[in-house]
Every structure is written in structure tokens, then in C-alpha cells.
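Remarks on the overall topology
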Amino acid sequence: MRKNKFDKNEKVLLKSLKETVTVNKFSYVPNMKRYSYTVKEYPHTFYFEEELEQLST
């Protein structure tokens, strides 16, 4: 069963900038009990799931 919300190469909305970005990678942060994501457009910044949103299809 999948626990993370977004997959590698998935296009998502970065809520703060209202910009479409592409997930580069994700990892689970055990001490925070949630996933963090990096995106190709901003590789030196990480985001949590609540900062991203699935694009409507």
C-alpha cells in the first residue's frame, strides 16, 4: 500500500506560488511522520505534502 501522496515525475501545484512543478523525489521523515518532496524547478528546497496539491484532471 502506498503511503506517499505524490510520485516521481508527477506534475503538482505548488500552493504558495500557484505554480505547476514536477516532483523530483520524495522521502519519509520519521521524526515528523510525514513525507518531504523536492521538485525539479526548485531543487534546493523541500516541501511537505500539505504545500503541494494534485492538479485537477
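Details of the structure are given in the entry above.
Scope of this entry: the structure provided in the associated data block. On a predicted model such as this, the values are computed, not experimentally measured, just so you know.

1. A word on the sheet that holds strand E5 (residues 52-54)
Reading across the sheet, the five strands line up as E4-E3-E2-E1-E5 and stay open at both edges, with antiparallel pairing between neighbours. Two strands bound the open sheet, and with one partner strand each, they are strand E4 (42-48) and E5. Strand-to-strand twist of the sheet, defined as the mean angle between neighbouring strand axes without regard to direction, takes the value 50°.

2. Observations regarding a positive patch on the surface
A contiguous patch of positive charge on the surface is contributed by Lys8, Lys11, Lys25 and Lys40. By the element assignment, Lys25 lies in strand E2 (residues 19-29). Taking relative accessible area as the criterion, Lys25 reaches 54% and is therefore assigned exposed.

3. Observations concerning the side chain of Asn4
With respect to the secondary-structure elements, Asn4 resides in the segment before strand E1 (11-14). For Asn4, a relative accessible area of 9% corresponds to the buried category. Here the side chain of Asn4 touches Phe6 through a polar contact of 2.6 Å, landing on its backbone oxygen. In this structure Asn4 touches Phe26, Tyr35, Tyr37 and Glu49, once residues within four positions along its chain are discounted.

4. A look at the packing of aromatic side chains
Any aromatic ring pair is given by two values, namely how distant the centres are and how the planes are angled relative to each other. Scanning the model with the defined rule gives five aromatic pairs in all. Seen from their ring centres, Phe6 and Tyr37 are 5.5 Å apart, and the 70° between their planes marks the pair as edge-to-face. Separated by 31 residues along the polypeptide, Phe6 in the segment before E1 and Tyr37 in strand E3 (residues 34-39) bring together distant segments of the chain. Since its relative accessible area comes to 0%, Phe6 is described here as buried. Clustering of aromatic rings is evident, with ring pairs tying together Phe6, Phe26, Tyr28, Tyr35 and Tyr37. Residue placement shows Arg34 over the ring face of Phe48; its charged tip is 3.7 Å from the ring centre.

Conventions adopted
- Residues numbered from 1 in each chain as written.
- Predicted model: local features only at pLDDT ≥ 70, side-chain atom pairs only at ≥ 80, totals over all residues.
- Heavy atoms only, no water.
- Pairing = 2+ DSSP bridges.
- Helix = DSSP H or I, 4+ residues; strand = E, 2+ residues; numbered from the N terminus.
- Axes fitted to C-alpha atoms, helices over the stretch in contact; angles between N-to-C directions.
- Patch = residues over 30% accessible without salt bridge, like charges linked within 9 Å, V, L, I, M, F, W, Y side chains within 5 Å.
- Areas by Shrake-Rupley, 256 points an atom, 1.4 Å probe, with all protein chains shown as cover.
- Salt bridge = Lys/Arg side-chain N within 4 Å of Asp/Glu carboxyl O.
- Lys, Arg positive; Asp, Glu negative; His and termini not counted.
- Charge placed at Lys NZ, Arg CZ, Asp CG, Glu CD.
- Buried < 20%, exposed > 50% of the residue type's maximum accessible area, 1.4 Å probe, protein only.
- Polar contact = N/O pair within 3.5 Å; in protein donor to acceptor, adjacent residues only side chain to side chain.
- Contact = heavy atoms within 4.5 Å.
- Phe/Tyr/Trp six-rings, centres within 6.5 Å; stacked < 30°, edge-to-face > 60°.
- Lys NZ or Arg CZ within 6 Å of the ring centre and 35° of its normal.

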